[in-house]
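Okay, here's what each chain looks like letter by letter:
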Amino acid sequence: MENVRRCAYCVGFYVSMDIWGPLMTSAVMTSAGCRGSIRSPVAVGPVQCTGCLLSFHAFLKGTPGNQLNMHIDSVLECLLQEELYDTKHRPMLLAVLECVCTVLDKEVVVDEDQGGKLFTVILRLCVLNDSSEQSYIMNMFIKCAKILNCGSAVGLFEKYGKDILRPLCVQCKNWTVESPSCLLFTSFVRYADHTAAQFLDILIPTFKTCLDPSQDMDLRLHLLTVLIELILSEKLTTEEKAMFERFSEEIVMKIVIPNTIWKAGRTAAVLRTSALTCFQALLQCSMLPSMVADSLLSNVMSHLLSSLDDNSESTRNVAGNILRLLFDLKLPSLNIDYLHSLYPDLLKRLDDSSEEVRLTVADALCSYFQ
């Protein structure tokens, strides 16, 4: 393979990209099994595709920058193909990473549309989670921002966020946890960090669709984790937290509550705990205004009391924490009669088999009596 790559480097250097470019992009796309790729004698499969990508990387490395500039659109279109980002085949992802690094090192000249494609390719590579690869990817964001005059990686997310997220939102109903589109969405939210708050009008409907109880449990568990990470981000500014307040009622009623309904199984139990943790995160970060919490109280309390009696210790513990946070808000609906009706359920948990749950409920009772 090393000799092949040396030859490919020489061809890239001495032969015009007009000749080898269409052949190599076609070979990569065909071997990956991309829809609509030109028929070619190249074998299809991840191993074959990895070989094609490594050769493609060598061609790109040998190609002078001025030639690469003329063909950058076809190169990016090839590297954008979803089939190249199968997380089960790590060598293929690493080969794509090498190709993108080479393109960035050449400091190619790209227009706004091509810049969006380049940024999307880097985002797709964020599924690589080794620490050394993560440092490569962060450097790639910086180089991409420099090429596109965006100042920083944050500028890239602000500039291209809507263009990337809108098409994903349309097709999210058919996602699985390993769908390339789902992985791209996850990478965007995690790497955008606090900047993602600017796109809540797109993100929340996507979360709502994917976290519907009819969807796959693993997908729901994965995306709940992503949503919790976003809510708990330490970098969120006061203004960005205020953006969450607009969607807090929707998050509680359309995302949290439907996922607290009891179903048998360990995954279902973890899912219930994660949904309640999302509710707890909203309260802890002051993203659920008191007025909204008060209006939701009658709808959520039955689910919280049911969760307080759940067979999962973690679920009971989080439910106790939520009750404590609600009592601390001193909501108008929590009048004397209402509080009296809650007392037997709280008292019962003081005899819980878990010491952690007993301590949590004891804290809740302190807030209750205040």
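Keep in mind the model is a prediction, meaning the values are calculated, not measured.

In this structure, the largest pocket spans a volume of roughly 310 Å³. Along the wall of the largest pocket there are 16 residues; nearest its centre are Gly 116, Thr 120, Asp 163, Ile 164 and Pro 167. When residues of the lining of the largest pocket are traced back to their parent elements, those giving at least two are helix H7 (112-124), helix H9 (153-171) and helix H10 (180-192). By residue class, the composition of the lining of the largest pocket is six nonpolar, four polar and six charged.

Taken as a whole, helix H5 (residues 72-79) has its buried residues at Ile 72, Val 75, Leu 76, Cys 78 and Leu 79. End-on, the buried residues of H5 take up no more than an arc of 160°, which puts them together on one face. Contacts from the buried residues of H5 go to helix H2 (17-32), helix H3 (46-62), helix H4 (65-70), helix H6 (90-105) and H7.

Another point: unusual backbone geometry. Here the phi dihedral of Glu 107 falls at roughly 50°; this positive angle occurs in a residue that is not glycine. The topology assignment puts Glu 107 in the loop between H6 and H7. Residue classification places Glu 107 among the exposed residues on the basis of a relative accessible area of 54%. Even without glycine at this site, Ser 286 takes up a positive phi of about 55°. The residue Ser 286 is located in the loop between helix H15 (266-284) and helix H16 (290-308) in this model.

Take the nonpolar core next. Ranked by internal contacts, the top residues of the largest apolar core, which has 131 residues, are Leu 53, Phe 56, Leu 79, Val 100, Phe 141 and Leu 203. Sequence-distant contacts of Phe 56, that is, excluding residues within four places in its chain, are made with Trp 20, Met 24, Thr 25, Val 28, Val 75, Cys 78, Leu 79 and Cys 99.

Enumeration according to the criterion identifies 17 salt bridges in this entry. Across the pair Glu 82 and Arg 124 runs a salt bridge, and its minimum N-O distance is 3.7 Å. Of the two residues, Glu 82 sits in the loop between H5 and H6 while Arg 124 sits in helix H7, which places them 42 residues apart along the sequence. Among the residues examined, Arg 124 registers a relative accessible area of 9% and is labelled buried. Between Asp 309 and Lys 348 there is a salt bridge, with its nearest N and O atoms 3.3 Å apart. With Asp 309 in the loop between H16 and helix H17 (313-328) and Lys 348 in helix H18 (residues 336-349), this pair connects stretches of sequence that are 39 residues apart. In this structure Asp 309 comes out as partly exposed when scored by relative accessible area, which is 42%. Classification of Lys 348 by relative accessible area gives partly exposed; the value is 46%. One continuous salt-bridge network, built from bridges that share partners, spans Asp 309, Arg 316, Lys 348, Arg 349 and Asp 352.

The rules behind each value
Residues numbered from 1 in each chain as written. Predicted model: local features only at pLDDT ≥ 70, side-chain atom pairs only at ≥ 80, totals over all residues. Heavy atoms only, no water. 1 Å grid on protein atoms, 1.4 Å probe; cavity = no way out; pocket = protein on both sides within 12 Å on 5 of 7 lines; lining within 4 Å. Points joined across faces, edges and corners; volume = space filled by probe spheres on them. Helix = DSSP H or I, 4+ residues; strand = E, 2+ residues; numbered from the N terminus. Nonpolar A, V, L, I, M, F, W, Y, C, P; charged D, E, K, R; others polar. Buried < 20%, exposed > 50% of the residue type's maximum accessible area, 1.4 Å probe, protein only. Arc of directions from axis to C-beta. Contact = heavy atoms within 4.5 Å. Core = buried A, V, L, I, M, F, W, Y, C linked by side-chain atoms within 4.5 Å. Salt bridge = Lys/Arg side-chain N within 4 Å of Asp/Glu carboxyl O.

By themselves, these figures tell us nothing about what the structure is for.
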